Amino acid sequence: MKILKLKNLNIQNQKLISKPIIACWGFFDGIHQGHQALFKQLLVNSTINNYQTCIISFDRKPQSVISNKNNEVLLSNEDKIKTIAKYNFDYYWEIKFSKEIATLSPEQFISWLLANNIKAVVVNPNIRFGYQGQGNIKTLQQSLLQVYLCNNIIVNNSKVSSTYIKQLLQNKDISSANLCLQQEPYTISGKVVHGIKEARTINFPTANLLLLTNYALPGLATYITLTEVDNKWYQSMTVIMLRNNKPLVETYLLNFNQDLYGKIIKVRFLDFLRDNLKFTNLDDLKKQVDKDLIETIKYFANSSSKLLKP
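Keep in mind it's a predicted model, so treat the numbers as computed, not measured. (Residues numbered from 1 in each chain as written. Predicted model: local features only at pLDDT ≥ 70, side-chain atom pairs only at ≥ 80, totals over all residues. Heavy atoms only, no water.)

In this section: the overall build of the protein. For the protein, the count of helices and strands is 9 helices and 14 strands. Dimensions of the protein, computed from the C-alpha atoms along their principal axes, are close to 70 × 40 × 35 Å. Going through the 310 residues of the protein one by one, you find that 49% of them count as buried. Contacts spanning at least 24 positions in sequence make up 73% of the contacts within the protein whose residues lie at least 6 apart. Accessible surface, the protein as shown: approximately 16,200 Å² in total, 48% of it carbon and sulfur. (Helix = DSSP H or I, 4+ residues; strand = E, 2+ residues; numbered from the N terminus. Buried < 20%, exposed > 50% of the residue type's maximum accessible area, 1.4 Å probe, protein only. Contact = heavy atoms within 4.5 Å. Areas by Shrake-Rupley, 256 points an atom, 1.4 Å probe, with all protein chains shown as cover.)

In this section: the sheet that holds strand S2 (residues 21-25). Overall, parallel pairing links the 6 strands, which are arranged S1-S4-S3-S2-S5-S6 in an open sheet. Among the strands making up the open sheet, the edge pair consists of strand S1 (2-6) and strand S6 (146-149). Strand-to-strand, the axes of this sheet are offset by a mean angle of 25°, without reference to chain direction. Sheet topology note: the S1/strand S4 (residues 91-95) ladder contains 5 bridges and is parallel. (Pairing = 2+ DSSP bridges. Axes fitted to C-alpha atoms, helices over the stretch in contact; angles between N-to-C directions.)

This paragraph deals with helix H5 (residues 106-115). One turn of the α-helix equals 3.6 residues, which is why residues spaced by three or four share an orientation. Looking only at H5, the buried set comprises Pro106, Phe109, Ile110, Trp112 and Leu113. Buried residues in H5, looked at end-on, bunch into an arc of 155°, giving them a common side. Residues of H5 that are buried in the fold lie against S1, S2, strand S3 (52-58), S4, strand S5 (118-123) and helix H6 (137-141). One or two positions beyond H5, positive phi appears at Asn117, with a value near 70°. (Arc of directions from axis to C-beta.)

Our focus in this paragraph is the pairing of S2. In terms of residue burial, S2 counts as a mostly covered element, since 5 of its 5 residues are buried. Residue alternation in S2 divides its side chains into two sets, Ile21, Ala23 and Trp25 and Ile22 and Cys24, and both sets are buried. Inspection of the sheet shows S2 paired to S3 by 5 bridges, in the parallel sense. For Trp25, the partnering residue across the bridge sits in S3 and is Ile56.

At a closest axis distance of 8 Å, the pairing of helix H7 (residues 162-170) and helix H8 (residues 174-181) adopts a crossing angle of 155°. Of the possible angle classes, the one that applies to H7 and H8 is roughly antiparallel. At the point where H7 passes H8, the crossing takes the left-handed sense. Residue-level inspection shows Tyr164, Ile165, Leu168 and Leu169 of H7 in contact with H8, the latter providing Ile174, Ser176, Ala177, Cys180 and Leu181. Looking at side-chain class alone, the contact of H7 with H8 contains 8 nonpolar, 1 polar and no charged residues. (Parallel < 35°, antiparallel > 145°, perpendicular 65-115°, else oblique. Left-handed = near helix turned anticlockwise from the far one by under 90°. Nonpolar A, V, L, I, M, F, W, Y, C, P; charged D, E, K, R; others polar.)

Here the protein averages 90 in pLDDT, while 93% of its residues score no lower than 70. Overall, residues 305-310 carries pLDDT values under 50, and its contacts beyond four positions in sequence, including any with other chains, amount to 14 contacts. (pLDDT = per-residue confidence, 0-100.)

Moving on, we come to the packing of aromatic side chains. Enumeration according to the criterion identifies 16 aromatic pairs in this entry. Here the aromatic residues Trp25, Trp93, Phe109, Trp112 and Phe129 are joined through ring pairs into a cluster of three or more. Its end group placed over the ring of Phe27, Lys80 keeps NZ or CZ at 4.1 Å from the ring centre. (Phe/Tyr/Trp six-rings, centres within 6.5 Å; stacked < 30°, edge-to-face > 60°. Lys NZ or Arg CZ within 6 Å of the ring centre and 35° of its normal.)

Below is the structure:
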(Lines give C-alpha, C1' and ligand atoms only; values in the text may rest on other atoms or scores of the structure.)
Protein backbone atom coordinates (compact mmCIF):
# COMPACT_ATOMS: atom_id res chain seq x y z
CA MET A 1 0.00 0.00 0.00
CA LYS A 2 1.51 3.29 -1.10
CA ILE A 3 0.94 6.08 1.43
CA LEU A 4 0.59 9.64 0.21
CA LYS A 5 0.21 12.52 2.67
CA LEU A 6 -1.52 15.62 1.32
CA LYS A 7 -1.20 19.06 2.91
CA ASN A 8 -4.01 20.40 0.72
CA LEU A 9 -6.33 19.27 -2.06
CA ASN A 10 -4.59 21.12 -4.87
CA ILE A 11 -2.15 18.28 -5.57
CA GLN A 12 -2.95 16.34 -8.75
CA ASN A 13 -2.12 12.67 -8.31
CA GLN A 14 -3.16 11.23 -11.67
CA LYS A 15 0.46 11.16 -12.90
CA LEU A 16 1.16 8.59 -10.16
CA ILE A 17 -1.76 6.37 -11.12
CA SER A 18 -1.87 4.18 -14.20
CA LYS A 19 -5.42 2.88 -13.79
CA PRO A 20 -8.79 4.28 -12.76
CA ILE A 21 -9.40 4.25 -9.00
CA ILE A 22 -12.26 3.21 -6.76
CA ALA A 23 -12.16 4.85 -3.33
CA CYS A 24 -13.91 5.36 -0.04
CA TRP A 25 -13.21 8.11 2.46
CA GLY A 26 -13.68 8.85 6.12
CA PHE A 27 -11.80 9.13 9.40
CA PHE A 28 -12.25 5.38 10.02
CA ASP A 29 -11.90 5.62 13.79
CA GLY A 30 -11.60 2.11 15.23
CA ILE A 31 -11.93 0.23 11.93
CA HIS A 32 -15.20 -1.26 13.21
CA GLN A 33 -17.58 -3.63 11.40
CA GLY A 34 -19.09 -0.77 9.35
CA HIS A 35 -15.66 0.25 8.06
CA GLN A 36 -14.74 -3.38 7.40
CA ALA A 37 -17.87 -3.79 5.25
CA LEU A 38 -16.89 -0.71 3.21
CA PHE A 39 -13.38 -2.04 2.70
CA LYS A 40 -14.57 -5.49 1.61
CA GLN A 41 -17.03 -4.03 -0.88
CA LEU A 42 -14.31 -1.73 -2.20
CA LEU A 43 -12.13 -4.76 -2.95
CA VAL A 44 -15.00 -6.65 -4.61
CA ASN A 45 -15.94 -3.73 -6.88
CA SER A 46 -12.31 -3.04 -7.72
CA THR A 47 -11.93 -6.60 -9.00
CA ILE A 48 -15.13 -6.42 -11.05
CA ASN A 49 -14.14 -3.11 -12.69
CA ASN A 50 -10.36 -3.64 -12.78
CA TYR A 51 -9.89 -0.46 -10.70
CA GLN A 52 -7.08 0.29 -8.31
CA THR A 53 -8.12 0.83 -4.69
CA CYS A 54 -7.64 3.90 -2.53
CA ILE A 55 -8.57 4.75 1.04
CA ILE A 56 -8.85 8.50 1.70
CA SER A 57 -8.60 9.54 5.33
CA PHE A 58 -7.49 12.43 7.53
CA ASP A 59 -4.59 13.03 9.89
CA ARG A 60 -6.99 14.10 12.65
CA LYS A 61 -10.65 13.83 13.46
CA PRO A 62 -12.42 16.52 11.36
CA GLN A 63 -14.70 17.43 14.26
CA SER A 64 -11.65 18.33 16.36
CA VAL A 65 -10.75 21.03 13.81
CA ILE A 66 -14.30 22.24 13.25
CA SER A 67 -15.14 22.42 16.98
CA ASN A 68 -11.56 23.24 18.08
CA LYS A 69 -11.61 20.40 20.61
CA ASN A 70 -9.30 17.45 21.18
CA ASN A 71 -11.84 14.74 20.41
CA GLU A 72 -11.36 11.24 21.79
CA VAL A 73 -10.46 8.48 19.35
CA LEU A 74 -10.67 4.69 19.32
CA LEU A 75 -7.43 4.16 17.46
CA SER A 76 -4.17 6.04 17.10
CA ASN A 77 -3.37 7.32 13.62
CA GLU A 78 -0.35 5.02 13.37
CA ASP A 79 -2.34 1.92 14.34
CA LYS A 80 -5.16 2.92 11.98
CA ILE A 81 -2.78 2.96 9.01
CA LYS A 82 -1.24 -0.38 10.07
CA THR A 83 -4.70 -1.97 10.26
CA ILE A 84 -5.80 -0.59 6.91
CA ALA A 85 -2.54 -1.79 5.32
CA LYS A 86 -3.55 -5.39 6.09
CA TYR A 87 -6.25 -5.14 3.38
CA ASN A 88 -3.57 -4.67 0.70
CA PHE A 89 -5.16 -1.60 -0.88
CA ASP A 90 -3.13 0.09 -3.60
CA TYR A 91 -3.14 3.55 -2.04
CA TYR A 92 -3.76 5.35 1.22
CA TRP A 93 -4.15 9.12 0.90
CA GLU A 94 -4.01 11.03 4.17
CA ILE A 95 -5.34 14.57 4.02
CA LYS A 96 -4.13 17.10 6.56
CA PHE A 97 -7.52 18.33 7.70
CA SER A 98 -7.81 22.09 8.15
CA LYS A 99 -10.47 24.73 8.49
CA GLU A 100 -9.86 25.56 4.83
CA ILE A 101 -10.68 21.99 3.79
CA ALA A 102 -13.73 22.07 6.07
CA THR A 103 -15.14 24.90 3.94
CA LEU A 104 -14.94 22.96 0.65
CA SER A 105 -18.32 22.49 -0.98
CA PRO A 106 -19.45 18.97 -1.89
CA GLU A 107 -19.00 19.85 -5.56
CA GLN A 108 -15.41 21.01 -4.97
CA PHE A 109 -14.57 17.75 -3.21
CA ILE A 110 -16.13 15.70 -6.01
CA SER A 111 -14.16 17.71 -8.57
CA TRP A 112 -10.96 16.90 -6.67
CA LEU A 113 -11.82 13.19 -6.70
CA LEU A 114 -12.48 13.20 -10.44
CA ALA A 115 -9.32 15.20 -11.16
CA ASN A 116 -7.28 12.51 -9.44
CA ASN A 117 -8.54 9.64 -11.58
CA ILE A 118 -11.14 8.42 -9.08
CA LYS A 119 -13.96 6.94 -11.14
CA ALA A 120 -16.02 5.22 -8.45
CA VAL A 121 -16.72 5.42 -4.73
CA VAL A 122 -18.17 3.10 -2.09
CA VAL A 123 -20.27 4.90 0.53
CA ASN A 124 -23.01 4.41 3.10
CA PRO A 125 -26.51 5.55 2.11
CA ASN A 126 -26.54 8.20 4.88
CA ILE A 127 -23.18 9.76 3.97
CA ARG A 128 -22.71 13.50 4.59
CA PHE A 129 -19.72 15.44 3.29
CA GLY A 130 -18.53 18.87 2.27
CA TYR A 131 -19.15 22.18 4.02
CA GLN A 132 -21.56 21.68 6.96
CA GLY A 133 -22.38 18.22 5.63
CA GLN A 134 -24.31 19.64 2.68
CA GLY A 135 -23.35 16.75 0.39
CA ASN A 136 -25.26 13.47 0.52
CA ILE A 137 -25.86 10.32 -1.51
CA LYS A 138 -27.97 12.22 -4.03
CA THR A 139 -25.12 14.69 -4.60
CA LEU A 140 -22.80 11.81 -5.46
CA GLN A 141 -25.32 10.04 -7.70
CA GLN A 142 -25.81 13.23 -9.73
CA SER A 143 -22.05 13.51 -10.34
CA LEU A 144 -19.84 11.70 -12.85
CA LEU A 145 -18.77 9.19 -10.18
CA GLN A 146 -19.94 5.60 -10.14
CA VAL A 147 -21.54 5.14 -6.74
CA TYR A 148 -21.73 1.81 -4.91
CA LEU A 149 -23.78 1.63 -1.73
CA CYS A 150 -22.70 -0.30 1.36
CA ASN A 151 -25.45 -0.82 3.90
CA ASN A 152 -24.97 0.00 7.57
CA ILE A 153 -24.05 -2.84 9.94
CA ILE A 154 -26.54 -3.42 12.76
CA VAL A 155 -25.51 -4.94 16.10
CA ASN A 156 -27.93 -5.24 19.02
CA ASN A 157 -30.50 -3.26 16.99
CA SER A 158 -28.10 -0.30 16.73
CA LYS A 159 -26.06 0.99 13.79
CA VAL A 160 -22.38 0.31 14.34
CA SER A 161 -20.49 3.61 14.51
CA SER A 162 -17.57 5.07 16.41
CA THR A 163 -20.00 7.13 18.49
CA TYR A 164 -21.99 4.02 19.43
CA ILE A 165 -18.82 2.11 20.40
CA LYS A 166 -17.68 5.00 22.60
CA GLN A 167 -21.05 4.91 24.36
CA LEU A 168 -20.67 1.18 24.96
CA LEU A 169 -17.19 1.68 26.39
CA GLN A 170 -18.40 4.45 28.67
CA ASN A 171 -21.19 2.15 29.84
CA LYS A 172 -18.54 -0.54 30.55
CA ASP A 173 -20.17 -2.89 28.02
CA ILE A 174 -16.85 -4.24 26.75
CA SER A 175 -18.36 -7.35 25.16
CA SER A 176 -20.71 -5.35 22.91
CA ALA A 177 -17.98 -2.85 22.02
CA ASN A 178 -15.68 -5.69 21.00
CA LEU A 179 -18.46 -7.28 18.96
CA CYS A 180 -18.76 -4.03 16.99
CA LEU A 181 -15.00 -3.87 16.48
CA GLN A 182 -14.90 -7.58 15.53
CA GLN A 183 -11.29 -7.76 14.26
CA GLU A 184 -9.73 -7.44 17.71
CA PRO A 185 -10.78 -6.31 21.20
CA TYR A 186 -10.50 -2.64 22.13
CA THR A 187 -6.84 -1.80 22.64
CA ILE A 188 -4.95 1.24 23.90
CA SER A 189 -1.22 2.00 24.04
CA GLY A 190 0.83 3.95 26.53
CA LYS A 191 4.25 4.55 27.99
CA VAL A 192 4.85 3.18 31.47
CA VAL A 193 5.66 6.02 33.85
CA HIS A 194 6.15 6.36 37.60
CA GLY A 195 3.03 6.68 39.76
CA ILE A 196 2.43 6.86 43.49
CA LYS A 197 3.24 3.12 43.80
CA GLU A 198 0.41 2.43 46.26
CA ALA A 199 -0.27 -1.00 44.74
CA ARG A 200 3.29 -2.09 45.48
CA THR A 201 2.58 -1.88 49.19
CA ILE A 202 0.06 -4.73 48.83
CA ASN A 203 2.30 -6.75 46.50
CA PHE A 204 0.32 -5.90 43.34
CA PRO A 205 2.68 -3.62 41.36
CA THR A 206 0.88 -1.95 38.49
CA ALA A 207 2.09 -0.24 35.33
CA ASN A 208 0.90 3.38 35.19
CA LEU A 209 0.23 4.41 31.57
CA LEU A 210 0.87 7.72 29.87
CA LEU A 211 -1.47 7.26 26.88
CA LEU A 212 -0.05 7.78 23.40
CA THR A 213 -3.17 9.54 22.12
CA ASN A 214 -6.49 10.86 23.41
CA TYR A 215 -8.18 7.47 23.61
CA ALA A 216 -11.85 7.03 24.42
CA LEU A 217 -11.53 5.09 27.67
CA PRO A 218 -14.01 2.61 29.14
CA GLY A 219 -15.94 3.81 32.18
CA LEU A 220 -14.28 3.97 35.59
CA ALA A 221 -13.97 0.34 36.67
CA THR A 222 -11.69 -2.70 36.83
CA TYR A 223 -11.39 -4.90 33.73
CA ILE A 224 -9.97 -8.23 32.61
CA THR A 225 -7.34 -7.50 29.98
CA LEU A 226 -4.36 -8.69 28.02
CA THR A 227 -1.20 -6.58 28.11
CA GLU A 228 1.51 -6.66 25.46
CA VAL A 229 5.14 -6.14 26.45
CA ASP A 230 7.92 -6.53 23.88
CA ASN A 231 5.55 -8.31 21.45
CA LYS A 232 4.43 -10.85 24.07
CA TRP A 233 0.95 -10.89 25.61
CA TYR A 234 0.30 -11.40 29.32
CA GLN A 235 -2.92 -11.96 31.24
CA SER A 236 -3.73 -8.85 33.24
CA MET A 237 -6.19 -6.79 35.26
CA THR A 238 -6.60 -3.10 34.48
CA VAL A 239 -8.23 -0.34 36.49
CA ILE A 240 -9.42 2.99 35.14
CA MET A 241 -9.85 5.60 37.85
CA LEU A 242 -9.79 9.33 38.39
CA ARG A 243 -6.83 10.99 40.09
CA ASN A 244 -6.75 14.78 40.37
CA ASN A 245 -9.84 14.79 38.11
CA LYS A 246 -7.88 13.10 35.31
CA PRO A 247 -8.34 9.53 34.06
CA LEU A 248 -5.62 7.15 35.14
CA VAL A 249 -4.96 3.71 33.63
CA GLU A 250 -3.04 1.12 35.66
CA THR A 251 -2.54 -2.50 34.67
CA TYR A 252 -1.34 -5.48 36.72
CA LEU A 253 0.29 -8.30 34.76
CA LEU A 254 -0.11 -11.82 36.10
CA ASN A 255 3.11 -13.83 36.56
CA PHE A 256 5.31 -10.93 35.54
CA ASN A 257 8.20 -9.34 37.44
CA GLN A 258 10.21 -7.32 34.88
CA ASP A 259 10.94 -3.60 34.93
CA LEU A 260 8.46 -1.82 32.65
CA TYR A 261 9.39 1.84 33.17
CA GLY A 262 9.84 3.66 29.88
CA LYS A 263 8.39 0.83 27.77
CA ILE A 264 5.49 1.27 25.34
CA ILE A 265 2.86 -1.36 26.13
CA LYS A 266 -0.61 -2.20 24.84
CA VAL A 267 -3.67 -3.02 26.95
CA ARG A 268 -6.48 -5.01 25.33
CA PHE A 269 -9.85 -4.98 27.10
CA LEU A 270 -11.64 -8.34 27.27
CA ASP A 271 -14.38 -7.97 29.86
CA PHE A 272 -15.76 -5.92 32.74
CA LEU A 273 -14.72 -7.20 36.17
CA ARG A 274 -16.23 -4.83 38.73
CA ASP A 275 -17.02 -1.22 39.51
CA ASN A 276 -14.41 0.71 41.44
CA LEU A 277 -14.83 0.81 45.21
CA LYS A 278 -13.62 3.10 47.95
CA PHE A 279 -11.40 1.53 50.61
CA THR A 280 -10.66 2.93 54.06
CA ASN A 281 -7.45 0.94 54.48
CA LEU A 282 -4.90 -1.07 52.52
CA ASP A 283 -5.98 -4.38 54.04
CA ASP A 284 -9.46 -4.07 52.55
CA LEU A 285 -7.94 -3.05 49.21
CA LYS A 286 -5.69 -6.13 49.22
CA LYS A 287 -8.61 -8.46 50.04
CA GLN A 288 -10.57 -7.09 47.09
CA VAL A 289 -7.64 -7.29 44.69
CA ASP A 290 -7.06 -10.91 45.79
CA LYS A 291 -10.69 -11.63 44.85
CA ASP A 292 -10.20 -9.84 41.53
CA LEU A 293 -7.18 -11.99 40.80
CA ILE A 294 -9.13 -15.18 41.46
CA GLU A 295 -11.91 -14.08 39.10
CA THR A 296 -9.38 -13.12 36.44
CA ILE A 297 -7.63 -16.48 36.65
CA LYS A 298 -11.04 -18.20 36.34
CA TYR A 299 -11.83 -16.14 33.27
CA PHE A 300 -8.67 -17.16 31.46
CA ALA A 301 -9.03 -20.77 32.59
CA ASN A 302 -12.50 -20.95 31.08
CA SER A 303 -12.11 -22.52 27.65
CA SER A 304 -15.38 -20.91 26.52
CA SER A 305 -14.04 -17.40 27.15
CA LYS A 306 -13.78 -15.41 23.94
CA LEU A 307 -11.20 -12.96 22.66
CA LEU A 308 -8.38 -14.46 24.69
CA LYS A 309 -5.87 -14.49 21.87
CA PRO A 310 -4.66 -11.29 20.20
